[in-house]
Amino acid sequence: MTGLFQIGDKLLQAQDMPSLLKRYQLMPQFLRGVIVDQAIASFSCSDEERQSAVENFLAQHQLTAPEAKEAWLRQQNMTVEELQEMAVRPLLIEKFKQETWRPKVDNYFLTRKASLDHVVYSLVRTKNPALANELYFRILEGEQSFAEVARDFSEGPESKSGGLLGPVPLSQPHPAISKLLSVSQPNQLWTPRPLAEWMVIIRLEKFMPAQLDESMRLHLINELFESWLAQQVSQIGPLQPLSSVSSIS
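Draft legend 1. Spotlight on the sheet that holds strand 4 (residues 164–169). Read across the sheet, four strands follow the order 4-3-6-5 without closing on themselves; strand pairing throughout is antiparallel. With one partner strand each, in any of the chains shown, strand 4 and strand 5 (193–195) form the two edges of the open sheet. Neighbouring strand axes in the sheet, compared pairwise and without regard to direction, differ in orientation by 45° on average. Two elements, strand 3 (residues 118–126) and strand 6 (residues 198–208), share nine bridges in a ladder whose sense is antiparallel. In the strand pairing of strand 6, Tyr121 is matched with Leu204. Against the sheet, helix 7 (residues 129–140) touches strand 3 and strand 6, its axis set at about 35° to strand 6.

Draft legend 2. Highlighting the pairing of strand 6. Pairing geometry for strand 5 and strand 6, over three bridges, is antiparallel. Residue pairing in the sheet places Arg193 in a bridge with Val200 of strand 6.

Draft legend 3. Structural view of the pattern of salt bridges. This model, assessed by the stated rule, comprises 12 salt bridges. With a closest N to O distance of 3.2 Å, Glu85 and Arg50 form a salt bridge. Of the two residues, Glu85 is situated in helix 5 (residues 80–101) and Arg50 in helix 3 (residues 47–60); the sequence distance between them amounts to 35 residues. Judged by its relative accessible area of 45%, Glu85 falls in the partly exposed class. Residue Glu205 is joined to Arg203 by a salt bridge in which the shortest nitrogen-to-oxygen separation is 2.8 Å.

Draft legend 4. Looking closely at helix 3. An ideal rise of 1.5 Å per residue puts 20 Å on 14 residues; helix 3 measures up with 20 Å between its terminal C-alpha atoms. Of the positions making up helix 3, those classed as buried are Ala53, Val54, Phe57 and Leu58. Seen along its axis, helix 3 keeps its buried residues to an arc of 130°; they face one direction. Set apart from the buried face of helix 3 by more than 90 degrees, the exposed residues are Glu48 and Gln60. Considering only its buried residues, helix 3 is in contact with helix 4 (66–76) and helix 5. Within two residues after helix 3, Gln62 carries a phi angle of roughly 55°, on the positive side.

Conventions used here
Residues numbered from 1 in each chain as written. Predicted model: local features only at pLDDT ≥ 70, side-chain atom pairs only at ≥ 80, totals over all residues. Heavy atoms only, no water. Pairing = 2+ DSSP bridges. Helix = DSSP H or I, 4+ residues; strand = E, 2+ residues; numbered from the N terminus. Axes fitted to C-alpha atoms, helices over the stretch in contact; angles between N-to-C directions. Contact = heavy atoms within 4.5 Å. Salt bridge = Lys/Arg side-chain N within 4 Å of Asp/Glu carboxyl O. Buried < 20%, exposed > 50% of the residue type's maximum accessible area, 1.4 Å probe, protein only. Expected span 1.5 Å × (residues − 1). Arc of directions from axis to C-beta.

Here you go:
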């Protein structure tokens with residue numbers, strides 16, 4: 001009998017698997033795995049890379065002792081060969097990611113740079129326009145520091161930090177604040193301006209532009225990979241069992 005699995009006293013047919021994967025919330029993970037396996041099928045690694053990957057896997061899972069390894073294999077119902085394939089898989093995925101997206105990182109970085117740049121800025125907010133103007137001039141003329149004004153008068157949670165916020169991505173604050181910070185010079189104090197129900201005073205403390213170093217490259221490659229993978233998963237319709245080979249021939 002084909003297409004039949006037994007778990008304890010329960011018999012499962014192959015066509016039961018999609019509904020079970022969905023019930024146990026494993027379908028997205030399953031589809032991701034299948035798509036990735038197809039993508040890395042043409043990639044390989046050297047004997048040295050394979051040995052290193054297996055050794056790292058065993059060390060990471062505390063399986064260097066033969067008895068621990070054998071117990072783990074029994075628990076996972078896996079063979080030594082299947083363990084080796086599992087250990088090598090991340091290396092093959094990384095090779096796939098590097099070959100596919102490393103050449104595209106420079107251009108992608110430029111499109112993402114605004115959201116990758118970070119800023120430190122100070123903020124005071126109040127619902128009283130007259131008070132906002134008075135506080136602005138106190139700061140401008142040095143009568144009080146920005147931190148003192150924020151602690152004493154700001155009506156938001158930033159009062160607890162003396163008005164200081166960040167480092168945060170430039171895209172994280174309100175769009176109007178982000179736009180202001182993007183054209184600011186360090187220590188530039190902006191006159192009070194309305195924002196929703198508030199009057200806000202803004203000062204850029206520090207601008208930290210994103211750098212396309214190796215760490216950023218790896219981050220963006222992973223981002224592109226995850227975006228591609230999510231798109232691939234979204235394009236797959238409901239899994240339907242094939243009743244026979246003739247139905248697709």
